[in-house]
Amino acid sequence: MTCRSSEELNQLVLEAKGYTKFGKVADYIPALKKADPDDLSVAIYHPDGTCLSAGDVKLKITLQSISKVLALALALLDCGEEEVFCKIGYEPTGDPFNSIVKLEISKPAKPLNPMINAGALVVTHMIKGVSADDRFNRLLQFVRKLAGNPLITFCEEVAVSEFETAHLNRSLCYFMKQHGIINEDVEELIDLYTKQCAIEMNCLDLARIGLVLALDGVEPLTNKRLIPTQIARICKTLMVTCGMYNASGEFAVRVGIPAKSGVSGGIMGAVPNRFGIGIFGAALDEKGNSIAGLKILEMLSKRYDLSMF
Ligand SMILES: NC(=O)CC[C@H](N)C(=O)O
């Protein structure tokens with residue numbers, strides 16, 4: 001059985017809204033403070049093109065850490081698995097996403113995985129292009145293709161706001177530059193990374209990208225392969241083990257699907273061979289995941305038996 005009515009989603013949104021008051025909007029990127037903690041929207045995209053939604057689905061938010069999955073897919077296409085995982089590990093971490101501590105103690109000195117900031121910065125570093133602008137445009141084109149929406153762009157205000165305050169991410173970069181993991185100008189990389197994190201879309205676009213991943217890289221409406229199976233598989237595996245930060249284990253138990261969250265309150269879910277999910281709810285729990293978004297996913301998983309495990 002699967003969710004087939006927007007009315008059902010509406011009920012889930014109403015129920016989950018009760019939890020937004022226990023969360024907090026991210027404020028370490030000043031522009032994100034403007035979000036309304038009560039906003040909550042969800043979309044589900046089925047392979048036959050049916051799309052269900054509830055809440056203010058026109059609302060766009062920036063991808064933040066969700067972009068790490070899409071950048072990883074492009075870097076894997078550009079450089080291949082061996083080169084990417086020569087510089088970044090595969091292992092989850094119990095530390096917060098922006099922690100610097102493991103960089104110094106890991107041997108060899110490389111970020112533990114591509115879903116924490118250190119690893120994601122290396123991934124962005126590996127996206128190819130003739131200039132930083134070209135690299136960003138290639139990523140944007142790739143995201144537009146995955147979402148089937150040529151109008152997707154990035155939010156300049158959020159990008160600038162993060163660029164001006166990304167001192168911790170700069171520290172990660174300088175540390176990694178010292179150790180030869182990256183070799184480009186740090187300001188250029190931070191500029192590219194903050195634009196990547198500021199790519200914005202609504203939850204319908206997000207659900208559609210989740211669907212492509214759920215179907216191992218194939219866009220079902222055109223039947224075109226957008227990502228090789230192996231790359232989709234790597235992305236989904238890392239979403240399961242590391243996608244919800246240091247709450248990934250609990251999420252695997254409670255929900256059990258590949259998912260990736262971001263500090264703007266987005267969650268992209270890929271229910272293998274079934275559907276894609278896009279959720280926006282800006283109020284976050286203490287680990288940085290959308291508090292009401294998690295509730296919706298838990299309810300969906302129970303009701304429709306979504307867990308892979
Ligand atoms: N967890 C996140 O969504 C983090 C992304 C954010 N742009 C950062 O680097 O801090």
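Residues numbered from 1 in each chain as written. Predicted model: local features only at pLDDT ≥ 70, side-chain atom pairs only at ≥ 80, totals over all residues. Heavy atoms only, no water.

Caption draft 1: Region of the structure containing the UniProt feature "binding site: substrate" (unreviewed entry) in the chain. The feature "binding site: substrate" (unreviewed entry), as annotated in UniProt, sits at S65, N117, E162, N169, Y193, Y245 and V263 in this numbering. Residue placement: S65 occurs in the loop between β3 (61-62) and α2 (67-79). The buried category is assigned to S65, whose relative accessible area is 6%. Here E162 shows up in helix α7 (residues 156-165). Beyond its immediate sequence surroundings of up to four residues, E162 is in contact with I29, Q64, N169, Y193, T194 and C197. (UniProt positions renumbered as here; feature names shortened; annotations may be inferred. Helix = DSSP H or I, 4+ residues; strand = E, 2+ residues; numbered from the N terminus. Buried < 20%, exposed > 50% of the residue type's maximum accessible area, 1.4 Å probe, protein only. Contact = heavy atoms within 4.5 Å.)

Caption draft 2: Region of the structure containing the domain arrangement of the chain. Along its sequence, the chain is carved into domain 1 (6-63 + 200-304) and domain 2 (65-197). Taking only C-alpha atoms into account, the centre of domain 1 sits 21 Å from that of domain 2. The interface is formed by 36 residues belonging to domain 1 together with 40 residues belonging to domain 2. Both sides together, the interface formed by domain 1 and domain 2 hides about 3200 Å², and carbon and sulfur atoms give 72% of it. Considering only the side of domain 1, the residues that lose the most area to domain 2 are L63, E200 and L238, jointly responsible for 18% of the buried surface there. Joining domain 1 to domain 2, the criterion identifies 1 salt bridge. K34 serves as the salt-bridge partner of E157, at 2.3 Å between the closest nitrogen and oxygen. Linking domain 1 to domain 2 there are 8 residue pairs in polar contact (both at pLDDT 80 or more). Sort the elements by how many residues they give to the side of domain 1 that touches domain 2 and helix α11 (residues 229-242) lands first, with 8 residues. Looking at the side of domain 1 that touches domain 2, its residues break down into 24 nonpolar, 7 polar and 5 charged. (Domains from an automatic or database assignment. Buried area = accessible area lost by both parts, 1.4 Å probe. Salt bridge = Lys/Arg side-chain N within 4 Å of Asp/Glu carboxyl O. Polar contact = N/O pair within 3.5 Å; in protein donor to acceptor, adjacent residues only side chain to side chain. Nonpolar A, V, L, I, M, F, W, Y, C, P; charged D, E, K, R; others polar.)

Caption draft 3: Local environment of the sheet that holds strand β2 (residues 51-55). Here 5 strands make up an open sheet; going across it, the order is β2-β1-β10-β9-β8 and the pairing antiparallel. In the strand order of this sheet, the two ends are held by β2 and β8 (259-261), each with one partner. Geometrically, the sheet is characterised by an average inter-axis angle of 10° between neighbouring strands, direction not taken into account. Two strands pair when backbone bridges link them, and strand β1 (residues 41-45) and β2 are joined in this way by 5 bridges, in the antiparallel orientation. Note that in β2 the partner of S41 across the bridge is G55. (Pairing = 2+ DSSP bridges. Axes fitted to C-alpha atoms, helices over the stretch in contact; angles between N-to-C directions.)

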